[in-house]
Amino acid sequence: MEANVLLFKCTKSKRAYGVRIQKMRDGDWYRTWAFKLNESSARREGYDRSVIKGNLYATEEYPGCPYCGCQGFVMCGHCQKIACWDGESSYTCPWCGTKSNISTAEDMFTVTANGD
Ligand SMILES: [Zn+2]
Ligand SMILES: [Zn+2]
């Protein structure tokens, strides 16, 4: 089974975390686990360069963001990085500081990753 780790950031605490993902038989990716990590070790492991294609669902075991607990995520339309998202209609990207409207970021999901 193919597995990978994506680098996420918590929108509220602005701290990095890793999300373990697995590719299932149907070709979609599933988030299985989330764990705190620091950004420099994530870069050393290459987590910040992981790219996936396809949908990105959460399994029932997926614990959510290790800092704020939310299950959702959003990909920034400006820097293309991923952050946790609690479902509010607008957010400020913890990576680049861009204020985004989620309705404009939704298009990104169909290209590289998909929310739930
Ligand atoms: Zn969070
Ligand atoms: Zn951004």
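Structure shown above.
Let me begin by describing the structure that accompanies this report. The model shown is predicted, which means the values in this text are computed figures rather than measured ones. (Residues numbered from 1 in each chain as written. Chains lettered and ligands numbered in written order. Predicted model: local features only at pLDDT ≥ 70, side-chain atom pairs only at ≥ 80, totals over all residues. Heavy atoms only, no water.)

So, about the sheet that holds strand β4 (residues 56-58). Pairing within the open sheet is mixed, and its 6 strands lie in the order β4-β3-β2-β1-β6-β5. If you trace the sheet from one side to the other, it starts and ends with β4 and β5 (72-75), each paired once. Neighbour-to-neighbour, the strand axes of this sheet turn through a mean angle of 45°, independent of strand direction. Inspection of the sheet shows strand β1 (residues 3-9) paired to strand β2 (residues 16-23) by 7 bridges, in the antiparallel sense. What sits directly across from F8, in β2, is Y17. (Pairing = 2+ DSSP bridges. Helix = DSSP H or I, 4+ residues; strand = E, 2+ residues; numbered from the N terminus. Axes fitted to C-alpha atoms, helices over the stretch in contact; angles between N-to-C directions.)

The zinc ion (ligand 1) binds to the protein through C10 (SG), C65 (SG), C68 (SG) and C84 (SG), with metal-donor distances spanning 2.3 to 2.4 Å. Considering all 4 donor atoms around the zinc ion (ligand 1), angles at the metal cover 104 to 119° and the coordination shape is tetrahedral. Along the chain, the residues donating to the zinc ion (ligand 1) are arranged with the sequence spacing C-x54-C-x2-C-x15-C. With C10 in the loop between β1 and β2 and C84 in strand β6 (residues 82-85), this pair connects stretches of sequence that are 74 residues apart. Residue C84 is classed as buried on the basis of its relative accessible area, which comes to 1%. (Donors = N, O, S within 2.8 Å, 3.2 Å for Na, K, Ca; no water. Tetrahedral: all angles 85-135°; square planar, octahedral: opposite > 155°, others 65-115°. Buried < 20%, exposed > 50% of the residue type's maximum accessible area, 1.4 Å probe, protein only.)

With that settled, consider the pattern of salt bridges. Under the defined criterion, the tally for this structure stands at 6 salt bridges. Notably, a salt bridge pairs K12 with D86, separated by 2.7 Å at the nearest N-O pair. Linking K12 in the loop between β1 and β2 with D86 in the loop between β6 and β7 (90-92), this pair joins segments that are 74 residues apart in sequence. With its nearest N and O atoms 3.6 Å apart, the salt bridge here joins R43 to D48. By relative accessible area, D48 is classed as partly exposed at 28%. (Salt bridge = Lys/Arg side-chain N within 4 Å of Asp/Glu carboxyl O.)

Bringing the packing of aromatic side chains into the picture now. As enumerated under the stated definition, the model contains 4 aromatic pairs in all. An aromatic cluster of three or more residues is present, and its members are F8, Y17, Y67 and F73. Here the basic side chain of K81 rests over the ring of W95, its NZ or CZ set 5.1 Å away from the ring centre. (Phe/Tyr/Trp six-rings, centres within 6.5 Å; stacked < 30°, edge-to-face > 60°. Lys NZ or Arg CZ within 6 Å of the ring centre and 35° of its normal.)

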